[in-house]
Amino acid sequence: MEIIKTNNTIEKNKEYKKLGFTYLETAEIVVHLNTLLANYQVFYNKLRNFHWNIEGPEFFELHEQFENEYNEVKKNIDILAERIRVFGIKPNFTLKKSLELSEIKESESERTALEMVKEVLKDFEILHDNMISAVGASLDTGDIATEQMLTDFLRRLEKRNWMFTSFLK
């Protein structure tokens, strides 16, 4: 460890060390987490738009459900970004970069309440596939912390998928 003295202050110049993993071991995990992060960012924006623009007899119920969903997605975005930081990588995501990397696309036209729910369900499938791929990369590396984080995300996503699917019936 190198010690540097500046302005009568002693600083320790210590390189950040990822606990138990090398950069190469975590590279595939980080790629999957970045993809999931981009998808969540676009999904969050879409949910906000749906929340603001829902109309019709389902307004009160879906207005609240879209808000519940985007609040959960907002938490997951932060958890994902911080997990990427654990691996020593900075998740520098501009909106442009998120849109380029995301498989979830913005909704550019007006949607009925039922169309909004169908689109949310389609986006759940994309998120689910992203999570499964990231879990696989985590397990291949032996990264049980990332696997557990993603399993928690999956558990909630699958329950919400069931609920939104039931709403359509």
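Residues numbered from 1 in each chain as written. Predicted model: local features only at pLDDT ≥ 70, side-chain atom pairs only at ≥ 80, totals over all residues. Heavy atoms only, no water.

Q: Break down the overall build of the chain for me, with residues and values.
A: Looking only at helices and strands, the chain has five helices and two strands in total. Reading the chain from its N end, one meets helices and strands in the order β-β-α-α-α-α-α. Buried positions account for 37% of the 169 residues belonging to the chain. Taking the contacts inside the chain whose residues are at least 6 apart along the sequence as the reference set, 77% of them involve residues at least 24 apart. When the accessible surface of the chain is totalled, it reaches about 10,600 Å², and 52% of it is carbon and sulfur. (Helix = DSSP H or I, 4+ residues; strand = E, 2+ residues; numbered from the N terminus. Buried < 20%, exposed > 50% of the residue type's maximum accessible area, 1.4 Å probe, protein only. Contact = heavy atoms within 4.5 Å. Areas by Shrake-Rupley, 256 points an atom, 1.4 Å probe, with all protein chains shown as cover.)

Q: So what's going on with the nonpolar core? Residues and values would help.
A: Counting residues in hydrophobic clusters, the biggest one holds 41 residues, and the most contacted among them are Leu-33, Tyr-40, Phe-66, Leu-127, Met-131 and Leu-150. Among the elements of the structure, helix H1 (23–53), helix H2 (59–86), helix H4 (113–141) and helix H5 (144–168) are those that each provide at least two residues to this core. At twelve residues, the largest contribution of residues to this core is made by H4. Once residues within four sequence positions are removed from consideration, Leu-33 is found in contact with Leu-80, Arg-83, Ile-84, Phe-87, Ala-134, Thr-146, Met-149 and Leu-150. (Core = buried A, V, L, I, M, F, W, Y, C linked by side-chain atoms within 4.5 Å.)

Q: Could you give an account of the confidence of the model for the chain, naming the residues involved and the relevant values?
A: Across the chain, pLDDT averages 89, with 89% of residues at or above 70. In the predicted structure, residues 1–14 sits below a pLDDT of 50 and forms twelve contacts with residues beyond four places in sequence or in another chain. (pLDDT = per-residue confidence, 0-100.)

Q: Quick one: what's the story with the packing of aromatic side chains, residue by residue and with numbers?
A: According to the stated counting rule, one finds seven aromatic pairs in the structure shown. Ring centres of Tyr-44 and Tyr-70 lie 5.9 Å apart, and the angle between their planes is 85°; on these two criteria the pair is classed as edge-to-face. In this pair, Tyr-44 sits in helix H1 while Tyr-70 sits in helix H2, placing the two residues 26 residues apart along the sequence. Between Phe-66 and Phe-164 the ring centres are 6.3 Å apart and the planes differ by 10°, which places this aromatic pair in the stacked class. (Phe/Tyr/Trp six-rings, centres within 6.5 Å; stacked < 30°, edge-to-face > 60°.)

Q: Explain the environment of Glu-108 residue by residue, including any values.
A: Structurally, Glu-108 can be placed in the loop between helix H3 (95–101) and H4. Through-space distance from the C-alpha of Glu-108 to that of Lys-46 is 9.4 Å; in sequence the pair is 62 residues apart.

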